[in-house]
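For reference, the chains in residue letters:
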Amino acid sequence: MSRYQDLKKNLFGGSTSNARQFGMIFTLVAIILLFQVLTDGLTLTSGNLIAVVSQYSYILILAIGMLMVIVAGHIDLSVGSVAAFTGIVVAKAMKDYDLPWPAAIVFGLLVGALIGAWQGFWVAYVGVPAFIVTLGGMLLFRGGNQFIGNADTVPVPEGFRNIGAGFLPEVGPNTGYNNLTLLLGLAACAGVVWREWRARQIRQQMGTEPTPMWVSGVRLAVMVGVIIFATLRFAGGRVGTSLPVSGIILAVLVIAYSFYTRNTAGGRHIYAVGGNSRAAELSGVKLQRVNFLVMMNMSVLASLAGMIFVARSAASGPQDGLSWELDAIAAVFIGGAAVSGGLGTISGSIVGGLVMALLNNGLQLEGVGSDLVQIIKGLVLLLAAALDVYNNSQGRFSVIGSIMRPFRRDDPPAAAEPADSLPDADKAPATG
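The shown structure was predicted, so the numbers you read here are calculated from the model rather than taken from an experiment. (Residues numbered from 1 in each chain as written. Predicted model: local features only at pLDDT ≥ 70, side-chain atom pairs only at ≥ 80, totals over all residues. Heavy atoms only, no water.)

## Here's the deal with the overall build of the chain
- When helices and strands are counted, the chain shows 16 helices and two strands.
- The 432 residues of the chain split such that 48% are buried.
- Within the chain, contacts between residues separated by at least 24 positions form 79% of all contacts whose residues are at least 6 apart in sequence.
- When the accessible area of the chain is evaluated, it comes to approximately 20,200 Å², of which 66% is carbon and sulfur surface. (Helix = DSSP H or I, 4+ residues; strand = E, 2+ residues; numbered from the N terminus. Buried < 20%, exposed > 50% of the residue type's maximum accessible area, 1.4 Å probe, protein only. Contact = heavy atoms within 4.5 Å. Areas by Shrake-Rupley, 256 points an atom, 1.4 Å probe, with all protein chains shown as cover.)

## Some thoughts on a nonpolar patch on the surface
- Taken together, the side chains of Trp118, Phe121, Trp122, Tyr125, Val126 and Leu140 make up a nonpolar region of the molecular surface, amounting to roughly 590 Å² of accessible area.
- Considering each element in turn, the nonpolar patch owes the most residues, five residues, to helix H5 (residues 101-126).
- Positionally, Leu140 belongs in helix H6 (residues 130-149).
- Judged by relative accessible area, which is 46%, Leu140 ranks as partly exposed. (Patch = residues over 30% accessible without salt bridge, like charges linked within 9 Å, V, L, I, M, F, W, Y side chains within 5 Å. Salt bridge = Lys/Arg side-chain N within 4 Å of Asp/Glu carboxyl O.)

## With respect to the pattern of salt bridges
- If you walk through the whole model with that rule in mind, you get five salt bridges.
- The partner of Arg219 in a salt bridge is Glu196, with the nearest N and O atoms 2.8 Å apart. With Arg219 in helix H9 (residues 213-235) and Glu196 in helix H8 (residues 179-205), this pair connects stretches of sequence that are 23 residues apart. For the pair shown, Arg219 and Glu196 are each scored as buried.

## Some remarks on the nonpolar core
- Residues Ile61, Leu62, Ile64, Met66, Leu67 and Phe160 are the most contacted members of the largest nonpolar core, which totals 70 residues.
- It is helix H13 (residues 287-313) that contributes the most residues to this core, 14 residues altogether.
- What Ile64 contacts, discounting residues up to four positions off in sequence, is Leu250, Leu253, Val254, Tyr257, Leu301, Ile346 and Ile350.
- Listed in part, the 16 residues of the second largest apolar core include Val355, Met356, Leu358 and Leu359. (Core = buried A, V, L, I, M, F, W, Y, C linked by side-chain atoms within 4.5 Å.)

## Structural notes on the packing of aromatic side chains
- All told, the structure shown has eight aromatic pairs when counted by the stated rule.
- With centroids separated by 5.8 Å and ring planes inclined at 75 degrees, the aromatic side chains of Phe121 and Trp122 adopt a geometry described as edge-to-face.
- Exposure remark for Phe121: the relative accessible area of 39% places this residue in the partly exposed category.
- Members of the aromatic cluster, each reached through a chain of ring pairs, are Trp118, Phe121, Trp122, Tyr125 and Phe292. (Phe/Tyr/Trp six-rings, centres within 6.5 Å; stacked < 30°, edge-to-face > 60°.)

## A look at the side chain of Asn179
- Counting through the fold element by element, Asn179 comes out in helix H8.
- Among the polar contacts made by the side chain of Asn179, one reaches the main-chain carbonyl oxygen of Val171 at a distance of 2.5 Å.
- Beyond its immediate stretch of four places on either side in the chain, Asn179 contacts Val171, Gly172 and Pro173. (Polar contact = N/O pair within 3.5 Å; in protein donor to acceptor, adjacent residues only side chain to side chain.)

## What about unusual backbone geometry?
- Although it is not a glycine, Asp40 sits at a positive phi angle of roughly 55 degrees.
- With respect to the helices and strands, the residue Asp40 is situated in the loop between helix H2 (23-38) and helix H3 (46-71).
- A relative accessible area of 72% means that Asp40 is categorised as exposed.
- Even without being glycine, Ala151 reaches a positive phi, approximately 55 degrees.

## Points about the packing of H3 against helix H15 (residues 346-365)
- The N-to-C vectors of H3 and H15 enclose an angle of 140 degrees; their axes lie 9 Å apart at closest approach. By the criterion of interaxial angle, the relationship of H3 to H15 is oblique. Crossing of H3 against H15: the hand is right-handed. In this structure, H3 uses Asn48, Val52, Tyr56, Leu60, Ala63, Ile64 and Leu67 to contact H15, whose residues at the interface are Ile346, Ser349, Ile350, Gly353, Leu354, Ala357, Leu358, Asn360, Asn361, Gln364 and Leu365.
- Grouping the constituent residues of the contact of H3 with H15 by class yields twelve nonpolar, six polar and no charged. (Axes fitted to C-alpha atoms, helices over the stretch in contact; angles between N-to-C directions. Parallel < 35°, antiparallel > 145°, perpendicular 65-115°, else oblique. Left-handed = near helix turned anticlockwise from the far one by under 90°. Nonpolar A, V, L, I, M, F, W, Y, C, P; charged D, E, K, R; others polar.)

## Let's talk about the side chain of Thr261
- Considering the arrangement of structural elements, one finds Thr261 in helix H10 (residues 245-263).
- Overall, the relative accessible area of 4% leaves Thr261 in the buried class.
- Residue contacts for Thr261: discarding those within four places in its chain leaves Met68, Gly267, Arg268, Tyr271 and Ile346.

## Focus on the packing of H3 against H10
- For the pair H3 and H10, the least separation of the axes is 9 Å and the interaxial angle reads 15 degrees. Relative to H10, the element H3 is oriented roughly parallel. The handedness of the crossing between H3 and H10 comes out as left-handed. In this structure, H3 contributes Val53, Ser54, Ser57, Leu60, Ile61, Ile64 and Met68 to the contact, and H10 contributes Ser246, Gly247, Ile249, Leu250, Leu253, Val254, Tyr257, Tyr260 and Thr261.
- Looking at the contact of H3 with H10 residue by residue, the class counts come to eleven nonpolar, five polar and no charged.

## A word on H5
- With 26 residues, H5 ought to run about 38 Å at 1.5 Å a step, and its terminal C-alpha atoms sit 36 Å apart, in line with that.
- By the largest-angle criterion, Gly120 marks the main kink of H5, which is about 30 degrees.
- Among the residues of H5, those classed as buried are Ala104, Ile105, Gly108, Val111, Gly112, Ala113, Ile115, Gly116, Gln119, Gly120, Val123 and Ala124.
- In the core, the buried residues of H5 are packed alongside helix H4 (79-96), H6, helix H7 (158-165) and H13.
- Remark: Gly127 follows H5 within two positions and exhibits a positive phi of approximately 90 degrees. (Expected span 1.5 Å × (residues − 1). Bend = angle between axes of the 7 residues up to and from the residue.)

## Here's the deal with the environment of Leu301
- Turning to its location among the elements, Leu301 is positioned in helix H13.
- Overall, the relative accessible area of 3% leaves Leu301 in the buried class.
- Setting aside its immediate chain neighbours within four residues, Leu301 contacts Ile61, Leu62, Ile64, Gly65, Leu253 and Tyr257.

Here's what the structure looks like:
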């Protein structure tokens, strides 16, 4: 096999890899390069990258939960209203009842869990479609936000603001960079190298042919290079700024949820339910529990996103959360999730969210009006959905859905097998 064929087969994973399958990563790179030129280098400056993470981290957090909801075959239209409702409840609790801000964060997450349990009950146990339940929730919790806050803004204390407007502190000697950000970057590089080495070890133990060493080297060089570049940018901002705390929260959530959806039975069950709920049920998957948990999880993450936004804004207001659900849904579909459910990845949704964030940021830097920005974002979403539908009609994976395959140890199932192909399905529960 030639080196070109080795690279094509192994660099991103799969012998059918081609430019179309990795279109969204190429689109992300193209958007960055285009606006880097048009803005005379402003796009990749430390200040702008820090601002992008700070401004859009809450949307990316919503995209994590929305991915799981959509993979399970549902949709959640209430996330913006839930975020706004939680924000005003937490702000009022701190202002009127002197609740310490650490306790307020826990309280906000509990509020989100209760809201999610409420909506999950109607979806999972009563059987009302999630679209209807969350449409009602969108109206209910938007009204609740305005009722509790009297349609006014409520400020939050300084300590609480750190989760949305804080940065890693300056520690250690003066190196010209934020030392904690540098250490996180080094840890990320070490993690990437260890994961590649571990993947090779596992393949050897299983008796399969490992990826050619030179291909692993190319892949590591690309990934480590990107991490080093981003680390230096975030660590080299103006004094007092560095990697935002909200960005760290986002990174922890991405790692945790990626592991959960790829490597646990519970995560696999979500894909099975979205792919073929009847076959999943025959295989031992508890449909009601899966549907309940994905709706509950979505509201918890919406509450967290709402608190981060309020912390960044320093106050909760009646206009918080407007259209957030549309941005989260757009990120998930652009990131490769199938419209019909059963297919999508956390990392793909983050890529989709970054495409929307950097597109929006670049257009703002160019002084494009908000009306045209909305038009362009709508066309991007429509194009992504059309590509997904086209590929499904051709019997292929979603164009974008497989872009992150090389960074996964193994792929989640795109869909469960039909029930008649599982003769002993009612005897053996799914193992994920």
